[in-house]
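Spelled out, the chains give:
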Amino acid sequence: MEQYIKNLIEQFRLATGNKNTDLNSEAFITEFTGWIRSRQKIGKEYTYFLNYMGLRFADPNCAEIGKGVYDTVVKPFDTKLITTATQSFEELKMKDRIITGNMRVYKGYPVLVRHDIKGNRLDQIPNDIILTYITQNPFSQNSISGWEGLHNSGNNNIIVGIYGNVFDKDAEAKIKLIEALKSKLSSDDFKEDYSTLDDKYFYAIGSQRMVKKLVKIRTR
């Protein structure tokens, strides 16, 4: 939980340029929580964007990776969540959808990494249990390391995206992160789209094998 909050604070710092990240500062807490609420609203619109793209992310055979209660976008859906920030969900009735651990890619296969008294335990995740992996606004390149292997194997689907305000100081860096992932995809069976709405931007790529008939969903 502590590392999760640190990751969110770092994203806040990169997006806003605010150097005051003192958790004991009332001014910082006010600005940070306001930023979180704003991102949650944009995150809801991001799901409309994914729907418009025809990407299936709301099914129980899809898992959102590495997010907590403050930056998940799948809370209203049937999507599973693989995360170590499980404490952030304690007050919500979502226990049946949460899998504690990290998802990592090993030789093109998704594995669940969990820590116990014997150390790290690695278990391959069957694609008949989880077919699609989704994440958004990755904390770093390491958050999506090897994800191209999931797509390139043909065994799994991926959805990776970003969203925020067009004036965010880290917008260009985040776009380059997605473009770098796209450049590693060995085939063209994926879908890509970028859009803006007012002062917000949305950009995502997703395995086209899951694309269904496009239905435009009004966001306003």
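Residues numbered from 1 in each chain as written. Predicted model: local features only at pLDDT ≥ 70, side-chain atom pairs only at ≥ 80, totals over all residues. Heavy atoms only, no water.

**Comments concerning the overall build of the protein chain**
The helix and strand inventory of the protein chain stands at 4 helices and 10 strands. In summary, the protein chain has a C-alpha radius of gyration of 17 Å against a globular reference of 17 Å for 220 residues, a match within 12%. If you line up the protein chain on its principal axes, its C-alpha atoms span 50 × 45 × 30 Å. The 220 residues of the protein chain split such that 45% are buried. Considering only contacts in the protein chain between residues 6 or more positions apart, those separated by 24 or more positions represent 57%. When the accessible surface of the protein chain is split by element, carbon and sulfur atoms take 49% of a total near 12000 Å². Taken together, the 32 basic and 27 acidic charged side chains of the protein chain have centroids lying 3 Å from each other. (Helix = DSSP H or I, 4+ residues; strand = E, 2+ residues; numbered from the N terminus. Rg over C-alpha atoms; globule rule 2.2 N^0.38 Å. Buried < 20%, exposed > 50% of the residue type's maximum accessible area, 1.4 Å probe, protein only. Contact = heavy atoms within 4.5 Å. Areas by Shrake-Rupley, 256 points an atom, 1.4 Å probe, with all protein chains shown as cover. Lys, Arg positive; Asp, Glu negative; His and termini not counted. Charge placed at Lys NZ, Arg CZ, Asp CG, Glu CD.)

**What about the layout of surface pockets?**
Size it by volume and the largest pocket reaches roughly 420 Å³. Looking at side-chain class alone, the lining of the largest pocket contains 8 nonpolar, 11 polar and 2 charged residues. (1 Å grid on protein atoms, 1.4 Å probe; cavity = no way out; pocket = protein on both sides within 12 Å on 5 of 7 lines; lining within 4 Å. Points joined across faces, edges and corners; volume = space filled by probe spheres on them. Nonpolar A, V, L, I, M, F, W, Y, C, P; charged D, E, K, R; others polar.)

**Focus on the packing of aromatic side chains**
Evaluated as defined, the whole model comprises 12 aromatic pairs. Arranged with centres 5.6 Å apart and planes meeting at 75°, the rings of Phe-12 and Trp-35 form a pair that is edge-to-face. Of the two residues, Phe-12 sits in helix α1 (residues 2–16) while Trp-35 sits in helix α2 (residues 26–53), which places them 23 residues apart along the sequence. With a centroid separation of 5.0 Å and 35° between ring planes, the pair formed by Tyr-46 and Tyr-163 is classed as tilted. You can see Tyr-46 sitting in helix α2 and its partner Tyr-163 sitting in strand β8 (residues 157–165), a full 117 residues away along the chain. Each member of the pair, Tyr-46 together with Tyr-163, is buried. Members of the aromatic cluster, each reached through a chain of ring pairs, are Phe-12, Phe-28, Phe-32 and Trp-35. (Phe/Tyr/Trp six-rings, centres within 6.5 Å; stacked < 30°, edge-to-face > 60°.)

**Overview of the sheet that holds strand β1 (residues 62–65)**
Reading across from one edge, β3-β2-β1-β7-β8-β10-β9 is the order of the 7 strands in this open sheet, with mixed pairing throughout. Pairing within the sheet leaves two strands with one partner each, and these edge strands are β3 (98–100) and β9 (190–197). On average, each strand axis in the sheet is tilted by 20° relative to the strand beside it, whichever way the strands run. Note: β1 against strand β7 (residues 132–136), 3 bridges, orientation parallel. Each residue of the ladder has a partner; that of Ala-63, found in β7, is Tyr-133. (Pairing = 2+ DSSP bridges. Axes fitted to C-alpha atoms, helices over the stretch in contact; angles between N-to-C directions.)

**Looking at the nonpolar core**
Counting residues in each nonpolar core, the largest one holds 23 residues, and the members touching the most others are Ile-82, Met-103, Tyr-133 and Trp-147. Elements that contribute at least two residues to this core include exactly β1, α3 (147–153), β8, α4 (171–183) and β10 (200–207). When residues in this core are grouped by element, the largest group, 4 residues, is from α4. The residues touching Ile-82, leaving out its near neighbours within four places in the chain, are Ala-63, Glu-64, Ile-65, Gly-66, Ile-99, Gly-101, Asn-102, Met-103, Leu-112, Ile-125 and Tyr-133. With 21 residues, the next largest nonpolar core counts Ile-42, Val-73, Leu-81 and Tyr-163 among its residues. (Core = buried A, V, L, I, M, F, W, Y, C linked by side-chain atoms within 4.5 Å.)

**Structural notes on empty space enclosed by the protein**
Within this structure, the stated rule accounts for 1 cavity of 30 Å³ or more. In this model, the largest cavity occupies a volume close to 90 Å³. Around the largest cavity, the lining residues are Leu-8, Gln-11, Trp-35, Ile-36, Arg-39, Lys-67, Tyr-70, Asp-71, Gln-136, Asn-137 and Tyr-163. Counting only elements with at least two residues in the lining of the largest cavity, the list comes to α1 and α2. It is α2 that contributes the most residues to the lining of the largest cavity, 3 residues altogether. Grouping the constituent residues of the lining of the largest cavity by class yields 5 nonpolar, 3 polar and 3 charged.

That is the geometry; function is a separate question.
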